[in-house]
Amino acid sequence: MMALGHAVGRRVLLPLVGVVIVLAIWQATVAIYRLPLIVLPPPWTVATTLADLVGTRAFWRDVGVSLYEFVAGYAIGTTLGVATGLAMGESRRFRQALTPVIESLRFIVPFAWIPLTILWFGTSYAGKIMLVAYAVYFVMTVSTARAIAHVDPTLTRVGTMLGMRPLRLALRVHLPAAMPTIASAARAAAAIGWIAVVAAEYIGASAGLGLMITNAASSLATGVVIAGMIVIGLIGAGVSAAILAIARAQPSAR
Amino acid sequence: MTTATRHATPTNRHAAMPTPTATDAAMTAGRDARGGLTVERVSHHYLANGRRTDVLDDVSFSVGAGQVACVVGPSGCGKSTLLGLAAGLMRPAAGRVTWNGETVRMGPTDHLGMAFQQPGLFPWMTVRENVAIGLTTRGKSRRDARRIADEFLDTVGLHEFKDAYPSQLSGGMAQRVGIARALALKPRLLLLDEPFAAVDAFTRLKLQQEFKALLKLDRPTVLFVTHDVPEAIALGDVIVVMSQRPAAVKTIIPVRREERDRASLAYAHKLAETLACLGVTSDMEGE
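Residues numbered from 1 in each chain as written. Chains lettered and ligands numbered in written order. Predicted model: local features only at pLDDT ≥ 70, side-chain atom pairs only at ≥ 80, totals over all residues. Heavy atoms only, no water.

1. Re the packing of aromatic side chains
Taken as a whole and assessed by the stated rule, the structure comprises eleven aromatic pairs over all chains. Arranged with centres 5.8 Å apart and planes meeting at 85°, the rings of Phe70 of chain A and Trp194 of chain A form a pair that is edge-to-face. In this pair, Phe70 of chain A sits in helix α3 (residues 57-90) while Trp194 of chain A sits in helix α8 (residues 166-203), placing the two residues 124 residues apart along the sequence. Its relative accessible area of 5% is what places Trp194 of chain A among the buried residues. Geometrically, the ring pair formed by Phe196 of chain B and Phe211 of chain B is edge-to-face, given 6.0 Å between the ring centres and 85° between the ring planes. Placement of Phe196 of chain B in the loop between β7 (189-193) and α8 (201-218) and of Phe211 of chain B in helix α8 is noted, with a sequence separation of 15 residues between them. When sorted by exposure, Phe196 of chain B lands in the same class as Phe211 of chain B, which is buried. Pairwise contacts between aromatic rings join Trp113, Tyr134, Tyr137 and Phe138 of chain A into one cluster. (Phe/Tyr/Trp six-rings, centres within 6.5 Å; stacked < 30°, edge-to-face > 60°. Helix = DSSP H or I, 4+ residues; strand = E, 2+ residues; numbered from the N terminus. Buried < 20%, exposed > 50% of the residue type's maximum accessible area, 1.4 Å probe, protein only.)

2. Notes on the domain arrangement of chain B
Residues and elements named next belong to chain B. With domains assigned, chain B is organised as domain 1 (23-104 + 189-280) and domain 2 (122-186). Computed over C-alpha atoms only, the centres of domain 1 and domain 2 are separated by 25 Å. Opposite the 13 residues of domain 1 that make contact, domain 2 presents eleven residues. Run the count over domain 1 and domain 2 and you get zero salt bridges. The tally of links from domain 1 across to domain 2 stands at two residue pairs in polar contact (both at pLDDT 80 or more). For the side of domain 1 that touches domain 2, the element with the most residues is α8, which contributes six residues. Partitioned by chemical class, the residues of the side of domain 1 that touches domain 2 number nine nonpolar, one polar and three charged. (Domains from an automatic or database assignment. Contact = heavy atoms within 4.5 Å. Salt bridge = Lys/Arg side-chain N within 4 Å of Asp/Glu carboxyl O. Polar contact = N/O pair within 3.5 Å; in protein donor to acceptor, adjacent residues only side chain to side chain. Nonpolar A, V, L, I, M, F, W, Y, C, P; charged D, E, K, R; others polar.)

Rendered as structure tokens:
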């Protein structure tokens, strides 16, 4: 019984403690400083706002748009990034030719591109998709190239011994051997990509969670702003968990 | 051991090949017109952090087609490097290695089977897939590859583990999978790097016997690195004794059939002779 009690304590009670502390500080701040609803509504008000929001069709449309932009950009960025990283890991020439470009571009954070994407693509989905793809691409390229370079050399020797030519060796040995590292990079990239979507929507969008929040802010609906922020956090965590689950389902993760 | 029934298609190479006798002529350095593996004046070194480590120093010997050469020598003397060079996994700094009269080049071939000291199994594949992938790479159908993989896993006593993943195996079991993977290719040149090192003594003797039976069927040319002198006598047609690093060939000792009988005086003499070459003298002399 003691052991069971401990398990429940660890799994459920301890995480709840953190949430309760944050809510308590929030509530206390509102109460002590007598903050008006426009500045900071109390947790319960935000909770009811969120409940109302979830019941509207517009909210789900915004969620759908943001997720669509994210998934499309993420798929493009991951695919191209893994392909580039694999080529860089396999071919020294390719690596030498590409490293300067990758190394200089990857420090231009995605947000620096937002003005240009608005100039080129307006407030359309394409701009956001490109931005997510860009954000994800560099993380995936650099991590994949590094993972491929660190594959156990014995596995390469085994593959060569078995008669594999370079392309087969790359696809059948190096890529699966690097998969666990690539999968954890893919998780980190998802967080970056999701941040990029929301940030881009803040600045210029025709729909999406970011736009919902900026519209709410300009009409001083602070409750909606905070509710939207919570939704962004929850979706981000959900996306990360989903990618972890997909990665774990692969036999290479064993 | 039921391997005789497994190899339904015996190669016709038997006829073309000389019987493996350890004549001195076959062991002399230089080109061997009859095929097999030759190592000609090979030297090799590694560079690490700007420091050069010489590993092989002017090594020459040859292994006639269908012969088994066991390489013995102190740890870290470059035996594994020798195998890597014979496999075409690296290029010698000086000298050359030839296979059937042609210089061994870097890259994949289809005459080679090799078992490594670190088994190097692919962790994302089952044991059976690990053995089968070499066969499919070399053009066998998936079904044939699966069947052959199962046969050889049976031979090394791992039939029940064919659907397991490498992480679920002990070190000795993983090594046996590595051996099965090399043997399943039915290679003309078989390179083995201490293949039975992580296996317990009993299994080791059993594997040695089965290995000998397998060799009789296909008669590959074998280069077998081992620490174990009795094993070298049991399996080798010749024993190549290497010196400390940078390794050179100290002596090449032919082994006759009657010297393999562990109950015989001839075996005892051969053991003493080989150990003496390695710098180990018999206990009696010290007293």
